[in-house]
Amino acid sequence: KNSERVRFSKELNKLRFYELSCVVVEGTVTDIAKHKYRSQMSPQAVLQSVFALWVRYQVPFIFCSGRKQAEYVTYSLLQKYAYEVKKRAEILTNCG
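Presented here is an overview of the structure given in this document. Note that the structure is predicted; figures quoted are calculated from it, not measured. (Residues numbered from 1 in each chain as written. Predicted model: local features only at pLDDT ≥ 70, side-chain atom pairs only at ≥ 80, totals over all residues. Heavy atoms only, no water.)

To continue, consider the environment of Thr 30. Inspection of the secondary structure puts Thr 30 in helix H2 (residues 29–33). Take Thr 30: its relative accessible area is 45%, and that puts it in the partly exposed class. Sequence separation between Thr 30 and Gln 69 is 39 residues; the distance between their C-alpha atoms is 15 Å. (Helix = DSSP H or I, 4+ residues; strand = E, 2+ residues; numbered from the N terminus. Buried < 20%, exposed > 50% of the residue type's maximum accessible area, 1.4 Å probe, protein only.)

If you want it as C-alpha coordinates, here you go:
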(Lines give C-alpha, C1' and ligand atoms only; values in the text may rest on other atoms or scores of the structure.)
Protein backbone atom coordinates (compact mmCIF):
# COMPACT_ATOMS: atom_id res chain seq x y z
CA LYS A 1 0.00 0.00 0.00
CA ASN A 2 2.89 2.33 0.67
CA SER A 3 4.16 1.66 -2.86
CA GLU A 4 0.74 2.73 -4.22
CA ARG A 5 0.96 5.97 -2.25
CA VAL A 6 4.49 6.62 -3.54
CA ARG A 7 3.34 5.98 -7.12
CA PHE A 8 0.31 8.26 -6.67
CA SER A 9 2.52 11.00 -5.21
CA LYS A 10 4.85 10.72 -8.22
CA GLU A 11 1.87 11.13 -10.56
CA LEU A 12 0.65 14.17 -8.62
CA ASN A 13 4.13 15.65 -8.81
CA LYS A 14 4.00 15.33 -12.62
CA LEU A 15 0.55 16.93 -12.73
CA ARG A 16 1.63 20.04 -10.83
CA PHE A 17 3.52 21.18 -13.95
CA TYR A 18 0.55 20.82 -16.30
CA GLU A 19 -1.37 23.92 -17.26
CA LEU A 20 -4.63 22.25 -16.18
CA SER A 21 -4.79 19.37 -13.77
CA CYS A 22 -7.00 17.93 -11.08
CA VAL A 23 -8.04 14.64 -9.54
CA VAL A 24 -11.69 13.85 -10.19
CA VAL A 25 -13.05 11.63 -7.42
CA GLU A 26 -16.06 9.39 -8.02
CA GLY A 27 -17.40 10.03 -4.54
CA THR A 28 -18.33 12.85 -2.22
CA VAL A 29 -16.90 14.11 1.03
CA THR A 30 -20.07 12.72 2.63
CA ASP A 31 -19.23 9.30 1.17
CA ILE A 32 -15.84 9.53 2.84
CA ALA A 33 -17.38 10.65 6.13
CA LYS A 34 -19.66 7.60 6.00
CA HIS A 35 -16.67 5.32 5.20
CA LYS A 36 -18.08 4.30 1.79
CA TYR A 37 -14.72 3.13 0.43
CA ARG A 38 -12.53 0.02 0.61
CA SER A 39 -9.55 1.26 2.61
CA GLN A 40 -9.26 0.74 6.35
CA MET A 41 -8.13 4.36 6.80
CA SER A 42 -10.46 6.43 8.95
CA PRO A 43 -12.53 9.09 7.17
CA GLN A 44 -10.58 11.82 8.94
CA ALA A 45 -7.25 10.31 7.79
CA VAL A 46 -8.52 10.06 4.20
CA LEU A 47 -9.63 13.70 4.14
CA GLN A 48 -6.47 14.94 5.81
CA SER A 49 -4.42 13.00 3.24
CA VAL A 50 -6.43 14.49 0.37
CA PHE A 51 -5.99 18.02 1.72
CA ALA A 52 -2.27 17.50 2.33
CA LEU A 53 -1.75 16.17 -1.21
CA TRP A 54 -3.81 19.05 -2.64
CA VAL A 55 -1.64 21.62 -0.88
CA ARG A 56 1.69 19.82 -1.39
CA TYR A 57 1.25 19.23 -5.12
CA GLN A 58 -1.11 22.12 -5.91
CA VAL A 59 -3.46 19.74 -7.70
CA PRO A 60 -7.12 20.17 -6.73
CA PHE A 61 -9.41 17.23 -5.95
CA ILE A 62 -12.95 17.54 -7.31
CA PHE A 63 -15.49 15.34 -5.54
CA CYS A 64 -18.44 14.10 -7.60
CA SER A 65 -21.56 12.17 -6.68
CA GLY A 66 -20.68 9.27 -8.95
CA ARG A 67 -19.33 8.19 -12.32
CA LYS A 68 -21.82 10.15 -14.45
CA GLN A 69 -21.05 13.40 -12.66
CA ALA A 70 -17.31 12.68 -12.76
CA GLU A 71 -17.53 12.10 -16.51
CA TYR A 72 -19.45 15.34 -16.94
CA VAL A 73 -16.94 17.31 -14.87
CA THR A 74 -13.96 15.80 -16.72
CA TYR A 75 -15.49 16.39 -20.15
CA SER A 76 -16.50 19.96 -19.29
CA LEU A 77 -13.08 20.86 -17.92
CA LEU A 78 -11.33 19.47 -20.98
CA GLN A 79 -13.81 21.18 -23.30
CA LYS A 80 -13.25 24.57 -21.61
CA TYR A 81 -9.50 24.04 -21.68
CA ALA A 82 -9.54 23.18 -25.40
CA TYR A 83 -11.62 26.30 -26.09
CA GLU A 84 -9.13 28.52 -24.25
CA VAL A 85 -6.15 26.97 -26.01
CA LYS A 86 -7.86 27.48 -29.37
CA LYS A 87 -8.55 31.14 -28.51
CA ARG A 88 -4.90 31.68 -27.59
CA ALA A 89 -3.75 30.06 -30.83
CA GLU A 90 -6.08 32.29 -32.84
CA ILE A 91 -4.76 35.40 -31.10
CA LEU A 92 -1.17 34.36 -31.80
CA THR A 93 -2.00 33.57 -35.42
CA ASN A 94 -3.65 36.96 -35.92
CA CYS A 95 -0.74 38.87 -34.35
CA GLY A 96 1.68 37.95 -37.14
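Once you've had a look at it, read on.
Bringing unusual backbone geometry into the picture now. In the Ramachandran plot, His 35 falls in the positive-phi region, its phi being about 55° despite a non-glycine side chain. Tracing the sequence through the fold places His 35 in the loop between H2 and helix H3 (43–57). When its relative accessible area of 32% is taken as the criterion, His 35 is described as partly exposed.

As a further point, take the state of the cysteines. Scanning the entire structure with this criterion turns up 0 disulfides. Left unpaired, Cys 64 is separated from the closest cysteine sulfur, that of Cys 22, by 8.6 Å. (Disulfide = S-S within 2.5 Å.)

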